[in-house]
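Residue strings, one per chain:
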Amino acid sequence: MQEITISQAREKTRIWQEQGKAWHFHVLFPDCIFNTQNKQYAMVLEDRTSIETFVIYSDNGFAKISQEFLKLHYGDDILKTRAGVVSQERPANTLLAQCEIFKQNKVLWHHHMLFPDCIFNDHPGKWNIVMEGSGEARTFNALYDEEPMDDFQEIEIEYFKEIDPTFNAETQ
Ligand SMILES: [Zn+2]
Ligand SMILES: [Zn+2]
């Protein structure tokens, strides 16, 4: 995994998006199960088209840049609450319920959307959302056959409410 700077990451993601590459990224907390460095936050960027993986390490949680990259990848509406969307009965209700428990207990939590071809995915071929609470040995996850955009979007919005005091999930 090659270490790069934030400005290099900006340049790479812009080019990947322009070229239609299958790319995605992850933010790994210092205590994250996927963080092998274990001292700092890591942002991992994967270009699955060219099978290249890059990493940035930082003492901060990449709150702003991850919002920027999400919008680049999914479009500007990704972090806006959709008016009139009612939660369906679905696996991530468990994750969202767990998220509420973390919030009530003031446990810092984060999650990962693992793409079917993601280097961290123990269930290749499935979409896999993993949720972790700081200091909790247990992880929570939900597997999907199709890209779970509704669940992903709800969890992302809850996540940025937690980590970014200036975040405002305006309605689309
Ligand atoms: Zn993690
Ligand atoms: Zn990945």
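Please refer to the structure higher up on the page.
The following paragraphs examine the structure supplied in this document. These numbers were taken from a predicted model, which means no experiment stands behind them.

Some words on the overall build of the protein chain
Step number 1: Check the secondary structure of the protein chain and you find four helices and seven strands.
Step number 2: Tracing the protein chain from N to C terminus, the helices and strands come up as β-α-β-β-β-α-α-β-β-β-α.
Step number 3: The C-alpha atoms of the protein chain give 15 Å as radius of gyration, which agrees with the globular expectation for 172 residues (16 Å, within 12%).
Step number 4: Principal-axis analysis of the C-alpha atoms gives the protein chain an extent of 40 × 35 × 35 Å.
Step number 5: Among the 172 residues that make up the protein chain, the fraction classed as buried is 27%.
Step number 6: A separation of at least 24 residues holds for 52% of the contacts in the protein chain among residues at least 6 apart in sequence.

A look at helix α1 (residues 6-18)
Step number 1: Along its 13 residues, α1 runs 18 Å from first to last C-alpha, staying within 8% of the 18 Å computed at 1.5 Å per residue.
Step number 2: Inspection of α1 places Ala9, Thr13 and Trp16 among the buried residues, and these make up the whole buried set. Take α1 and look down its axis: the buried residues cluster within an arc of 60 degrees, on one side only. The exposed residues of α1 that point more than 90 degrees off its buried face are Ser7, Glu11, Arg14, Ile15 and Glu18.
Step number 3: Buried residues belonging to α1 abut β2 (23-28), β3 (41-47), β4 (52-58) and α2 (63-74).
Step number 4: Glycine 20, located one to two residues past α1, shows a positive phi value of around 70 degrees.

Focus: unusual backbone geometry
Step number 1: Non-glycine residue asparagine 38 carries a positive phi angle of around 75 degrees.
Step number 2: Looking at where asparagine 38 falls in the secondary structure, it is placed in the loop between β2 and β3.
Step number 3: One non-glycine residue, phenylalanine 62, lies in positive phi territory at about 60 degrees.
Step number 4: Mapping phenylalanine 62 onto the fold places it in the loop between β4 and α2.

Focus on the sheet that holds β2
Step number 1: Overall, mixed pairing links the four strands, which are arranged β1-β4-β3-β2 in an open sheet. Each edge of the open sheet carries a strand with a single partner, namely β1 (2-3) and β2.
Step number 2: Pairing analysis gives six bridges linking β2 to β3, with the strands arranged antiparallel. Its bridge partner being in β3, leucine 28 is matched across the sheet by alanine 42.
Step number 3: Strands β2, β3 and β4 of the sheet are contacted by α1, whose axis makes an angle of about 25 degrees with β3.

A look at the sheet that holds strand β6 (residues 127-133)
Step number 1: Taken in spatial order, the three strands line up as β5-β6-β7 in an open sheet, and their pairing is antiparallel. Of all the strands in the sheet, just β5 (109-114) and β7 (139-144) have a single pairing partner and so form its edges. Adjacent strand axes in the sheet meet at a mean angle of 15 degrees when their direction is disregarded.
Step number 2: On top of the sheet, helix α4 (residues 149-163) reaches β5 and β6; it is set at about 150 degrees to β5, its chief contact.

Here we look at the environment of phenylalanine 140
Step number 1: Within the element layout of this structure, phenylalanine 140 appears in strand β7.
Step number 2: Sequence-wise, phenylalanine 140 and histidine 111 are 29 residues apart; in three dimensions their C-alpha atoms are separated by 9.1 Å.
Step number 3: Discounting residues that sit within four places of it in the chain, phenylalanine 140 has contacts with Thr94, Leu95, Gln98 and Met131.

Calculation notes
- All residue numbers refer to positions counted from 1 along the written sequence of the respective chain.
- Labels follow written order: the first chain is A, the first ligand is 1, and so on.
- For this predicted model, a pLDDT threshold of at least 70 governs which residues receive local features, and a threshold of 80 or more governs which side-chain atom pairs are given and counted, while totals over whole chains, interfaces and linings are taken from all residues.
- Here a helix means four or more residues in a row that DSSP labels H or I, a strand means two or more in a row labelled E, and each is numbered from the N terminus.
- This radius of gyration counts C-alpha atoms alone. The globule rule is 2.2 Å times how many residues there are, raised to the power 0.38.
- Exposed residues have 12 or fewer other C-beta atoms within 10 Å of their own C-beta, buried residues have 20 or more, and residues in between are partly exposed; the C-beta atoms are placed from the backbone.
- Placing C-beta atoms from the backbone, we regard two residues as in contact once those atoms come within 7 Å.
- Expected helix span is taken as 1.5 Å per residue step, with the number of steps being one fewer than the number of residues.
- In this description, the arc belongs to the directions extending from the helix axis to the C-beta atoms.
- Two strands form a pair only when DSSP identifies at least two bridges running between them.
- For helices, the fitted line uses only the C-alpha atoms of the stretch in contact; every axis is such a line through C-alpha atoms, and the angle between N-to-C directions lies from 0 to 180 degrees.

Any functional reading would require information that these geometric values do not contain.
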